[in-house]
Amino acid sequence: MRVFITDALAIDLDSEQWICTGCDAELGSARENYKKGLRVRPRDPREIHAPIIDPDRYEFTFAPDPEWVRIVEYYCPHCARQIEAEYLPPGHPPAHDIDFDLDALKAQWADREPLAEPALGPEFVAPPHHHKKGGG
Amino acid sequence: MTLDTSDAPGGAAGETPDEGVSEFLRDASLFLAPDKTIMENHGIEERTPLEDRCMAAESDPARLEIVRERLLAGANESFDMLESMGAAPGAKWGDCVSAIFTAKGDLSLASTGGVVIFCNLVQYPIKFINKYWTGEPTVGVKEGDVFLVNDARYGQAHNTDQSMMMPVFWEGELVAWAGATVHEGENGAIEPGGMPSMAEQIWDEGLKMSPFKVAENYTLRRDIVTFLQNSVREPKLQYSDMKVKMFTCRRLEQRIHEAIREFGVEAVVSCLRSNLEDTDTEVRRRLEEWPDGTVRHSWWTDGTLRENALIKINLALTKKGDTLIFDYRGSSPEFTNRSNNSLDITLKGMLAQLFLTYVWPDLPRNQGVLNPIEFVFDERSILKPDFGTPNAQSMMSVFTSWSVAQVSVMKFLYSVPRKYTRVLAPWFNMINTFLFGGVTQHGEMVGNVCADINGMGGGALPDRDGQHSCAPIFATMADIGEQEFMEEEMPFVQLVSKKLMKDNQGFGRQRGGMGYQMILALRDSPIWGFMLTAIGSKFPNVPGLFGGYGCPTYPLSRISGVDVFEKMQSDPASFRYSIEALMNERPFEDGEYSTHPMFLPYALAERGELYMIAQGTGGGFGDPLERDPEDVMRDFEEELVSDDVAWRIYRVVFDPETRIVDREATAAARDDVRKERLAESLSFDEYCAQHVADGPPAELPYFGSWDDPAMVYAGSRDRYFPAGAVNPPVIMQNPLEAKIERLEAELARAGRG
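What counts as what
Residues numbered from 1 in each chain as written. Chains lettered and ligands numbered in written order. Predicted model: local features only at pLDDT ≥ 70, side-chain atom pairs only at ≥ 80, totals over all residues. Heavy atoms only, no water. Phe/Tyr/Trp six-rings, centres within 6.5 Å; stacked < 30°, edge-to-face > 60°. Helix = DSSP H or I, 4+ residues; strand = E, 2+ residues; numbered from the N terminus. Buried < 20%, exposed > 50% of the residue type's maximum accessible area, 1.4 Å probe, protein only. Lys NZ or Arg CZ within 6 Å of the ring centre and 35° of its normal. Patch = residues over 30% accessible without salt bridge, like charges linked within 9 Å, V, L, I, M, F, W, Y side chains within 5 Å. Areas by Shrake-Rupley, 256 points an atom, 1.4 Å probe, with all protein chains shown as cover. Salt bridge = Lys/Arg side-chain N within 4 Å of Asp/Glu carboxyl O. Core = buried A, V, L, I, M, F, W, Y, C linked by side-chain atoms within 4.5 Å. Contact = heavy atoms within 4.5 Å. Pairing = 2+ DSSP bridges. Axes fitted to C-alpha atoms, helices over the stretch in contact; angles between N-to-C directions.

## Describing the packing of aromatic side chains
Counted according to the given criterion, the structure contains 39 aromatic pairs over all chains. With centroids separated by 5.9 Å and ring planes inclined at 40 degrees, the aromatic side chains of B:Trp290 and B:Trp360 adopt a geometry described as tilted. In this pair, B:Trp290 is assigned in the loop between α9 (265-288) and β8 (293-303) and B:Trp360 in the loop between α10 (344-359) and β11 (373-376), connecting sequence segments 70 residues apart. Note on B:Trp290: relative accessible area 1%, which makes it buried. In this structure B:Trp360 comes out as buried when scored by relative accessible area, which is 2%. Look at B:Tyr358 and B:Trp402: their rings are 5.1 Å apart centre to centre, the planes differ by 70 degrees, and that puts the pair in the edge-to-face class. Remark: B:Trp402 occurs in helix α11 (residues 395-413) and B:Tyr358 occurs in helix α10; sequence separation between them is 44 residues. Look at B:Trp402 and you get buried, because its relative accessible area is 0%. Among the aromatic residues, those joined into a cluster by ring pairs are A:Phe100, B:Trp290, B:Phe326, B:Tyr328, B:Phe355, B:Trp360, B:Phe375, B:Phe377 and B:Phe412. Positioned above the aromatic ring of B:Phe565 is the side chain of B:Arg523, whose terminal nitrogen or guanidinium carbon lies 5.0 Å from the ring centre.

Given below as structure tokens:
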């Protein structure tokens, strides 16, 4: 049975493997950090968030400072889907962000029906708006 | 030096076995500081004998639901009163709340609209009043009394908010409390507007109202009102909103009394208590549905509002069974002479808002939601500073901490089969707007904040884009006000207002809601100044989710040495209607163009010079390469993205004239990017070996843990301490002194050359 853990990752409870939901490839043991099974690419943040005002003239340009932050991208090694984009100071270790108790997960899903696709939840409904304009 | 009486026995006489000792200690207390036993308990109180009796007498859920709806209608009615009558700009756009509390002080029922964090924090001053003033012969708590508080350390989000609290009696017995809170703005601090980034000591933060009585027999004491008016820049606002909040509380009291007359006191008290217990039970049931485990996430704020610094907020969120533990250890140490510290209670209150708005919006809005949740902080950290440490700009750390929690909670939520709302990428979280102070065109002195604080972009969802400049993270029902109303009262004009800024986008398969730009200028005032109190000019404020990107960074742009109103008369065609065009095309020859971080200490403005900022965008969701090309084209058509972003980020091949997408070419181009990704990436082990360092870059002012949450840096690599034991503490240099030192060193070097 598969459990959808993120938009790009599932865990196969039987094989105990991380699975890429883009290409169904196995990515490594679900008892380990999923990032260990991915390709990793550090990016200069200006390649993503490019300057909007002239970087030759101004110190602050809407682009992050590469001396302060790098964007670390993680890809599926098979289909190259971008699974995570982590913002870190240069040199900072990546987070072991999703560290679930696999045995507890198995026990929890033993009583649940498998899902064919992720459960999105109820339709988004905007909260009631209380501020009345023009006395309306 | 501070005096902490938290270990001194309190409460009504006769509470302890040795009444004489207790009374002696109470009388010997020099100062009733915030009580640790109150401030460190965010859970619900034990049932009182009254609650036991009432719950035994009335437990029919259908009847209690009717009572609850009746009381909620009263809370909503009183909230409408507060919003309609409140004089503060904040009240006008919903930065306020009204609520009903139990007799013990627990938040039981907040208005449907309004800011949950405000009333969640009012539990603390009510409990202080119950404990210290009820039995105090010089104060007492009687029907018709009204109390006021603004000191965050006794229980507020920050000192610019003022909360009023009124005990509700029935047949001589205290049965509930009514409360009303407004972000008032001006509070007499070192800078106008109530949120002073220049505050280096708590004494720079303006009024420090511990919970105290301001009205008896439903009548404000004019001597006290006068004292408060005399302590702030807006005496009219202080008086009028005290009246507004008091009458809001009176309406709540009236509705509670009416409910008691109709349903009985047992039903009302039982309802207020059941709200809390039922919410606690339901939250525990829902937490059981989450996977067990830990999600870790860190983020960095990039400034103290006086200087740029890299300040870590570190979270390990652990869920086991029906309990959730927020462990923020390893976050930055406190800044003893800066205002960017947040009290732990403030963060807890914000997290209540996270659950009640973004996770379980169907739950009743009360503090029972936090009852199954535990928190761990380092002492003397940026999220649990010492009593004497400033906290007036707590938003700089609490909003980041909130977003770190939002990301972490979403990573737990995604796999849960039954959801109560949708998973969401991070909402933008920073107060990108101007504060102001000075004399208006009507001759009045004011100090407050623009409602544009409420224009934060929404996060993207799995199946749809985020909403543009939608609502602040702390009040999803608030709005951005009417600019024309503001301009009637204030002497500045927003020449460009509510215009979305191109390419200011959290990229993703679904993109974040975008932020608008605002360009404003002073027009008619003898003396006027602006402030800006935000961060995120070097390190973005929020990430994306599951492969989506976060927001970009934001500068303050200025054009000085020009009167744009004169230009509009003499050469109207010279004006440009975007920051990008004004700064890149430089249409005013005599103007001085500059950029700055998003913090600006209060500075006097000249007529017609331009101040320009943009609101932030919410995070994107999923791989941007999977964005439907038609969605990219829609954004292109609406001038939300440039052709550069359409190609560089989304890799869409299209005809710029017709906007017709070449699907085959797009697919091929995207495949090329995928090949490039694999070719230019490393294995995880290779990445760690080549790019992970054993500490922060030596040239960066870094605060907080690196790889070990038990150890924190305090500004440099040689200042490395066990968390909670930074000694000497962090004391930042005056930025002007630092600048003078730099300039003197330059002069000295030039002299030698």
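## Description of a nonpolar patch on the surface
Together, B:Val21, B:Phe24 and B:Leu25 make up a nonpolar patch on the protein surface, roughly 280 Å² of accessible area in all. Of note, B:Val21 is situated in helix α1 (residues 19-28).

## Description of unusual backbone geometry
Between B:Asn727 and the following residue, B:Pro728, the backbone shows a cis peptide bond with an omega angle of 0 degrees. Along the polypeptide, B:Pro728 turns up in the loop between β24 (720-722) and α19 (735-752). Although it is not a glycine, A:Ala80 adopts a positive phi angle of roughly 65 degrees. Among the secondary structure elements, A:Ala80 is positioned in the loop between β6 (70-75) and β7 (82-88). Not every positive phi belongs to a glycine, and B:Arg380 is a case in point at roughly 50 degrees. Residue B:Arg380 is classed as partly exposed on the basis of its relative accessible area of 46%.

## A few points about the nonpolar core
Core analysis: the largest hydrophobic core is formed by 266 residues, its most contacted members being B:Trp290, B:Phe326, B:Phe355 and B:Leu610. When sequence neighbours within four positions are dropped, the list of residues in contact with B:Phe326 reads B:Leu315, B:Ala316, B:Leu317, B:Leu351, B:Phe355, B:Ile373, B:Glu374, B:Phe375, B:Val376 and B:Ala405.

## Re the pairing of strand β13 (residues 445-449) of chain B
All names here are of chain B. β13 sits mainly inside the fold: four of its five residues count as buried. Alignment of strand β12 (residues 434-439) against β13, held across five bridges, turns out to be antiparallel. Bridging from a neighbouring strand, Gly437 pairs with Gly447 of β13. Taken together, β12 and the strand that follows it, β13, pair antiparallel across an intervening segment of five residues, in which Gly443 is found at a positive phi of about 80 degrees.

## Re the sheet that holds strand β21 (residues 682-683) of chain B
The four strands lie next to each other as β7(A)-β6(A)-β5(A)-β21(B), forming an open sheet whose pairing is antiparallel. A strand with exactly one partner marks an edge of an open sheet, and here the two such strands are β7 of chain A together with β21 of chain B. Summarising the sheet, strand β5 (residues 39-43) of chain A and β21(B) pair through two bridges and their orientation is antiparallel. Residue A:Arg39 lies in a different strand from β21(B), and its bridge partner there is B:Ser683. Strands in contact with helix α17 (residues 663-680) of chain B are β5, β6 and β7 of chain A together with β21 of chain B; relative to β5(A), the strand with the most contacts, it is inclined by about 95 degrees.

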